[in-house]
Amino acid sequence: DSSVNTNLVEADLLQLTDLLEQHRERIFDEETTNNTNTEARELTPSAEKQAVEFLKRPNLLDRIDALLEQTGIVGEKNVRLPLFIIASTYKMGYPLHALVQGESGGGKSHLINAIADCMPTEDILNLTRITSKSLYYYNGGELINKLMLIQDFDGLDDQAQLAFREIQS
């Protein structure tokens, strides 16, 4: 229709985009506030002793794999243990990173979330949507010793992927 004013439509779309960005930033701020208010927990001497004994027994990886299966991670025998090991390196000086790929509806999110459930909740940063600016809102130390889960890495634009790579290094 020739009676549509394209300048008005463009202005409305720009305003809508700005409002959406503000909304996402507000949600992001709420999630960040909720995640940073928790304190790290320490093991009791008894729990530490049990952990050391568990680690010293033979067939550690087989026993961890069996425990992962007991948590409900079934049907992913070749993936669950390596993914758990990768996830558990988040507090090391050089943590490993993983990218889980598969068909839509194939259980990727379920697998990632189930592995994350095996880690202390105060150390998990679960991000479902990331804008190109949002990663820069974190203070310098907020992401240290955190297990960062990005549910849809392919959905990140180039700027957000660049910001994520900067954080990794």
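A short tour of the structure in this document, coming up. The structure displayed is predicted, hence computed values, not measured ones. Position numbers for residues count from 1 along each chain, tracking the sequence in the order it is written. A pLDDT threshold of at least 70 governs which residues receive local features in this predicted model, and a stricter bar of 80 or more applies before side-chain atom pairs are shown or counted, although totals over entire chains, interfaces and linings include all residues. In computing side-chain values, all of the structure's heavy atoms are included and hydrogens and water are not.

### So, the layout of surface pockets
A 1.4 Å probe that fits but cannot get out identifies a cavity on a 1 Å grid over protein atoms alone, an open set with protein on both sides within 12 Å along at least five of seven lines counts as a pocket, and a residue lines either if it has an atom within 4 Å of a point. Grid points are joined across faces, edges and corners, and a volume is the space filled by probe spheres set on the points. For the largest pocket, the calculated volume is near 1000 Å³. Residue lining of the largest pocket: 37 residues in total, with His-97, Ala-98, Met-148, Phe-164 and Gln-168 positioned closest to the centre. Contributing elements (two or more residues each) for the lining of the largest pocket: α4 (77–87), α5 (108–116), β2 (147–150) and α6 (158–168). When residue character is reported, Ala, Val, Leu, Ile, Met, Phe, Trp, Tyr, Cys and Pro are called nonpolar, Asp, Glu, Lys and Arg charged, and the others, Gly included, polar. Taken together, the residues of the lining of the largest pocket break down into 23 nonpolar, 9 polar and 5 charged. Reported here for the second largest pocket is a volume of approximately 520 Å³. Leu-43, Ala-51, Phe-54, Phe-84 and Cys-118 are the residues nearest the centre of the second largest pocket, which is lined by 15 residues in total. Numbering of helices and strands starts at the N terminus; helices are DSSP runs of H or I of at least 4 residues and strands are runs of E of at least 2. Among the elements of the structure, α2 (45–56) and α3 (60–70) are those that each provide at least two residues to the lining of the second largest pocket. Broken down by element, the lining of the second largest pocket gets its largest block of residues, 5 residues, from α2.

### Here we look at the pairing of β2
Only protein chains enter the calculation, and the probe is 1.4 Å; a residue is then buried if its accessible area is under 20% of its type maximum, exposed if over 50%, and partly exposed in between. On β2, burial covers both faces: Leu-147 and Leu-149 on one face and Met-148 and Ile-150 on the other are all buried. Only strands joined by at least two bridges in the DSSP assignment are considered to pair. Sheet topology places strand β1 (residues 124–127) next to β2; 4 bridges connect them, and they run parallel. If you follow Leu-127 over to β2, its bridge partner there is Ile-150.

All we've got here are geometric facts, nothing functional implied.
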